[in-house]
Amino acid sequence: MEKRMILAIVLSIIILLAYQRLFAPEPSKAPPPAQRQDAAKAGSGDNAAGAAGAPALAVPPSPASEGLIPGRENPLRWITVRTPLYIATVTTAGGGIQSFTLSRYNDRTGPKGKPLDIIGSGSLRPLPLDLYLAESQPAFPPQPVFASNAPGELSVAAGEKKTVSLSWESAGGVHIIREYTFTGGGYDFEVDQKVTNGTPGSLRFKPGIELSQVFAGELGGDSYSFLGAVADSGGKIEQLDLKKIAKGGIDKVPVRWAAADAKYFTLIAIPGKEWSLEQVSPLGTEGIRIALSGSPVVLGPREVVSFSVRTFMGPKEYNLLEATGKGLERLVDYGWFSIIAKPLVWVLTASNRVTGNYGIDIILLTILIKILFYPLTQKSMASMKKMQELSPILNKIKEKYKDDKARQQQEMMNLYKTYKINPMSGCLPMLLQIPVFIALYKGLLVAIELRHAPFFLWINDLSAPELLWDIAVAGYTIPIRLLPLLMGVSMFFQQKLTPSAGMDPTQQKMMLFLPVIFTFMFWGFPTGLTIYWLVNNLLSIGQQLIQNRKAEAEKAARA
């Protein structure tokens, strides 16, 4: 039985490490410093009144030989839209969103934190929601500069709706109108487009829109988080990570929506009707470009075509995405055990309405899980204690039938049957907790509610490893963490209290080495998960002490 228990523990380690290895994307590399500086500048783009502070985005020329010529030169402008939830900057160069700063989410913990701009591609082309008109004949300018009568700054209160209108017209009479409709109090908004052919000839193109993202800084997540493009194709979620996108060869499949998806934040385009995933390609070193397009249209003289796209830019809050519709909540990827992870995260958020501290909520959840597993754990402990009492008899059977393994197993099973012991009951609770452990791990990893959530004292982010201080050794920086050390110590004491009948010296050494393995495993884990495992160990120690005293009392009573 002890061998089976060791196997269960080792198996849990292998499952967790394999899960991280097989289903986690490659760690993100930071882009070059120059690129980060450009992106930072792009995120602080000013409006027309202060355009000097905005990045100078190159506008490609549109000579007559390349197609449609602008009817007039429109000035570059940046229009700032303020709502209670975000500040968006619309640029007239291409008509896209150059920055989208969230008011309720900061780029770091503590007083130095500033509102986070979730558009990392602000200095690269295309921008999110740039107009995409593919296969056009005659060709549209690659980046038309729109005109707009909107003020340089626009405020949208909760419950209000306001529109930013952009227009562009060619010298021959082709007219494009783009209208953003922002709603205060939500992260979703509408983009309506209308193309009118005012020329005497025909106009052919594929209507569409673009998304882009550079996964740098806070948008880069960690080595275990997905970064890339996500699309809903026929109700099936397709994930394209950076590695797959870099290889190319992405199929042009019909999609209901597509997203440039980071760990905690997402940019989503939802066309009015099913469009094609026209293009998914790298953008810079750590970015992606997504193009969605509809079927080709041919406009005769004075004909008009309209198309609209609903957009969501913001945090990946499960309830918020679910309320937006279209199955967007599936962007919150809880992994294999989502059926367990979802209720666990729900319990945490429900408890937080009372406590206001997610660290306390994790402790309460650990106690709840311990109560639920209590009958199984109690049965396991009683079984292991009986096994310890039978250890002398088991050793005699092993010695007597050491040359006949079949007879040895038969005699041992007869002994278990006589004393009504299930040899598997000792490791069953641990096997049952593996899915809960992995589900909680994924929940703590992807739930934005835990991002930058503080606990006590130096612990200011439950979604990241805690840090006391750093020490430099031989040119390397080593983070010093207290909770993983406490967890390892608690696991060691738990093993000392647990009956270990029948273990040979090799097995005992292996069991003593497990706390060290777990300590190193948890060194880079989210603090919330370490708190869960530490508290679970402490509760197990308490339960084992009670069980040992109870067994000693029963033994004394029999004597």
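Some words on unusual backbone geometry
Here is step 1 of the chain: Here Arg-125 and Pro-126 are connected by a cis peptide whose omega angle stands at 5°.
Here is step 2 of the chain: When you line up the elements, Pro-126 lands in the loop between strand 4 (115–117) and strand 5 (131–137).
Here is step 3 of the chain: Between Gln-137 and Pro-138 the backbone carries a cis peptide bond, its omega angle lying at -5°.
Here is step 4 of the chain: Along the chain, the position of Pro-138 falls in the loop between strand 5 and strand 6 (153–155).
Here is step 5 of the chain: The backbone phi angle of Glu-135 is positive, close to 55°, even though this residue is not glycine.
Here is step 6 of the chain: The phi torsion at His-452 lies on the positive side, around 60°, for a residue other than glycine.
Here is step 7 of the chain: Structurally, the position occupied by His-452 is in the loop between helix 10 (428–446) and strand 20 (469–473).

Focus on the sheet that holds strand 2 (residues 86–91)
Here is step 1 of the chain: Spatially, 4-3-2-1-6 is the arrangement adopted by the 5 strands of the open sheet, whose pairing is mixed. Looking at strand neighbours, the two that pair on one side only are strand 4 and strand 6, the edges of this open sheet. Looking at each pair of strands side by side, their axes are set apart by 20° on average, direction ignored.
Here is step 2 of the chain: For strand 1 (residues 78–82) and strand 6, the ladder comprises 3 bridges, and the chain directions are parallel. Bridge pairing in strand 6 links Val-81 to Leu-154.

Points about the packing of helix 8 (residues 391–400) against helix 9 (residues 405–418)
Here is step 1 of the chain: Two numbers describe how helix 8 lies on helix 9: the axes approach to 9 Å, and their chain directions differ by 160°. Relative to helix 9, the element helix 8 is oriented roughly antiparallel. Viewed along their axes, helix 8 and helix 9 form a crossing whose handedness is right-handed. Here helix 8 contributes Ile-393, Leu-394, Ile-397 and Lys-398 to the contact with helix 9, which in turn contributes Gln-408, Glu-411, Met-412, Leu-415 and Tyr-416.

Quick look at the nonpolar core
Here is step 1 of the chain: Judged by nonpolar contacts, the single largest core of 117 residues is most densely connected at Phe-100, Phe-140, Tyr-180, Phe-182 and Val-195.
Here is step 2 of the chain: Sorting elements by how many residues they give to this core places helix 10 first, with 10 residues.
Here is step 3 of the chain: Once residues lying within four places of it in the same chain are set aside, the contact partners of Tyr-180 are Val-90, Gly-95, Gly-96, Ile-97, Leu-129, Lys-162, Thr-163, Val-164, Leu-166, Phe-189, Glu-190 and Val-191.

A word on the packing of aromatic side chains
Here is step 1 of the chain: Considering all chains together, one arrives at 20 aromatic pairs under this definition.
Here is step 2 of the chain: Geometrically, the ring pair formed by Phe-492 and Phe-493 is edge-to-face, given 5.9 Å between the ring centres and 80° between the ring planes.
Here is step 3 of the chain: On the basis of relative accessibility, which here comes to 33%, the residue Phe-492 falls in the partly exposed class.
Here is step 4 of the chain: Every member of this aromatic cluster is reached through a ring pair, and the members are Tyr-86, Phe-100, Tyr-180, Phe-182, Tyr-187, Phe-189 and Phe-312.

Concerning helix 6 (residues 358–372)
Here is step 1 of the chain: For helix 6, with 15 residues, the first-to-last C-alpha span of 21 Å sits near the 21 Å given by 1.5 Å per residue.
Here is step 2 of the chain: Within the span of helix 6, buried status applies to Tyr-358, Gly-359, Asp-361, Ile-362, Leu-365, Thr-366, Ile-369 and Lys-370.

Regarding a nonpolar patch on the surface
Here is step 1 of the chain: A grouping of Leu-468, Trp-469, Ile-471, Val-473, Tyr-476, Ile-478, Leu-482 and Leu-486 is seen on the molecular surface, where their side chains present a nonpolar patch of about 710 Å² in accessible area.
Here is step 2 of the chain: Taken together, the elements giving at least two residues each to the nonpolar patch come down to strand 20, strand 21 (476–480) and helix 11 (482–497).
Here is step 3 of the chain: In terms of residue count, the dominant contributor to the nonpolar patch is strand 20 (3 residues).
Here is step 4 of the chain: Checked against the element boundaries, Ile-478 lands in strand 21.

About the cut-offs
- Residues numbered from 1 in each chain as written.
- Predicted model: local features only at pLDDT ≥ 70, side-chain atom pairs only at ≥ 80, totals over all residues.
- Heavy atoms only, no water.
- Helix = DSSP H or I, 4+ residues; strand = E, 2+ residues; numbered from the N terminus.
- Pairing = 2+ DSSP bridges.
- Axes fitted to C-alpha atoms, helices over the stretch in contact; angles between N-to-C directions.
- Parallel < 35°, antiparallel > 145°, perpendicular 65-115°, else oblique.
- Left-handed = near helix turned anticlockwise from the far one by under 90°.
- Contact = heavy atoms within 4.5 Å.
- Core = buried A, V, L, I, M, F, W, Y, C linked by side-chain atoms within 4.5 Å.
- Buried < 20%, exposed > 50% of the residue type's maximum accessible area, 1.4 Å probe, protein only.
- Phe/Tyr/Trp six-rings, centres within 6.5 Å; stacked < 30°, edge-to-face > 60°.
- Expected span 1.5 Å × (residues − 1).
- Patch = residues over 30% accessible without salt bridge, like charges linked within 9 Å, V, L, I, M, F, W, Y side chains within 5 Å.
- Areas by Shrake-Rupley, 256 points an atom, 1.4 Å probe, with all protein chains shown as cover.
- Salt bridge = Lys/Arg side-chain N within 4 Å of Asp/Glu carboxyl O.

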